[in-house]
Amino acid sequence: MKTVQKGFTLIELMIVVAIIGILAAIAIPAYQDYIARSQVSEAFAMTSGQKTAIAEYAQNNGAYPGTGTAPTAASLKVEGTYADSEVAADTGVITVTMKGAGDVSARVAGETVTLTPPTLTDDNTTFDFSCTSTMEQKYLPKSCTGT
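Turning next to the side chain of Q39. Along the chain, Q39 turns up in helix α1 (residues 10-46). Within the local environment of Q39, its side chain forms a polar contact with the backbone nitrogen of S105, the two atoms lying 2.8 Å apart. Residue contacts for Q39: discarding those within four places in its chain leaves Y82, M98, D103, V104, S105 and V108.

A few words now on the pairing of strand β5 (residues 130-133). Residues of β5 alternate between two faces, with C131 and S133 buried on one and S130 and T132 left unburied on the opposite face. Where strand β4 (residues 112-116) and β5 come together, four bridges link them in antiparallel fashion. Its bridge partner lying in β5, T114 is registered against T132.

Here the amide bond leading from A70 into P71 is cis, since omega sits at 5°, within 30 degrees of zero. By the secondary structure assignment, P71 is in the loop between α2 (48-61) and β1 (78-79). At D90, a position not held by glycine, the phi torsion is positive, near 70°. Inspection of the secondary structure assignment puts D90 in the loop between β2 (83-87) and β3 (94-98).

On to the state of the cysteines. Applying the stated criterion to the full structure yields one disulfide. Two residues, C131 and C144, share a disulfide whose sulfurs are 1.9 Å apart. Its torsion about the S-S bond being -65°, the disulfide of C131 and C144 is classed as left-handed. Here C131 is found in strand β5, whereas its partner C144 is found in the loop between β5 and β6 (145-146), with 13 residues between them in sequence. Here C131 matches C144 in class, with each residue buried.

A residue-level look at the protein chain finds 97% of positions with pLDDT of 70 or above and a mean pLDDT of 90. Per-element confidence in the protein chain is highest for β3, whose mean pLDDT is 96, and lowest for β6, whose mean pLDDT is 70.

Judged by side-chain polarity, L10, I11, M14, I15, I19 and L23 come together as a nonpolar surface patch covering roughly 630 Å² of accessible area. Topologically, L10 is positioned in helix α1. When its relative accessible area of 63% is taken as the criterion, L10 is described as exposed.

Our next topic: the packing of aromatic side chains. Applying the stated criterion across every chain, the model contains three aromatic pairs. Each ring, one from Y64 and one from F127, has its centre 6.3 Å from the other, and the planes form 65°; the classification is edge-to-face. Residue Y64 is found in the loop between α2 and β1, and its partner F127 is found in the loop between β4 and β5; the two are separated by 63 residues along the sequence. Y64 gets classed as buried once you look at its relative accessible area, which sits at 10%. Given the relative accessible area of 15%, F127 is considered buried. The structure contains a cluster of three or more aromatic residues connected by ring pairs, namely Y64, F127 and F129.

Rules used in this analysis
- Residues numbered from 1 in each chain as written.
- Predicted model: local features only at pLDDT ≥ 70, side-chain atom pairs only at ≥ 80, totals over all residues.
- Heavy atoms only, no water.
- Helix = DSSP H or I, 4+ residues; strand = E, 2+ residues; numbered from the N terminus.
- Polar contact = N/O pair within 3.5 Å; in protein donor to acceptor, adjacent residues only side chain to side chain.
- Contact = heavy atoms within 4.5 Å.
- Buried < 20%, exposed > 50% of the residue type's maximum accessible area, 1.4 Å probe, protein only.
- Pairing = 2+ DSSP bridges.
- Disulfide = S-S within 2.5 Å.
- pLDDT = per-residue confidence, 0-100.
- Patch = residues over 30% accessible without salt bridge, like charges linked within 9 Å, V, L, I, M, F, W, Y side chains within 5 Å.
- Areas by Shrake-Rupley, 256 points an atom, 1.4 Å probe, with all protein chains shown as cover.
- Salt bridge = Lys/Arg side-chain N within 4 Å of Asp/Glu carboxyl O.
- Phe/Tyr/Trp six-rings, centres within 6.5 Å; stacked < 30°, edge-to-face > 60°.

Printed below as a string of structure tokens:
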């Protein structure tokens, strides 16, 4: 009579554990980068209302919102889950600051993104904000450059 083997051998179990360890070593950093990118994308999404208000005011009035305008630059401030955003008076520059570690990924904590509106001319038919940032490029959208 032949005996039928039941269960797994020790070497088979060790191979499975090694494969899971290798996959985890690759997946965890990739997932942490994904989390950081999603938090940065929230910061860019929350500036869309600010950019619209600044562009509309500038195209109608030939200047950027200041301290005595309606809307004021201070009233355009936005506080998000992962970042806070402010508008500089009379320049229209939007500065987004990521919150500290613990609130956001340590990879982007405290980093800033600056969105600068174009110089006003008599014919502002397009209104594109230029973007610079202190964080690594891999966390930013392609339209924004890190320093």
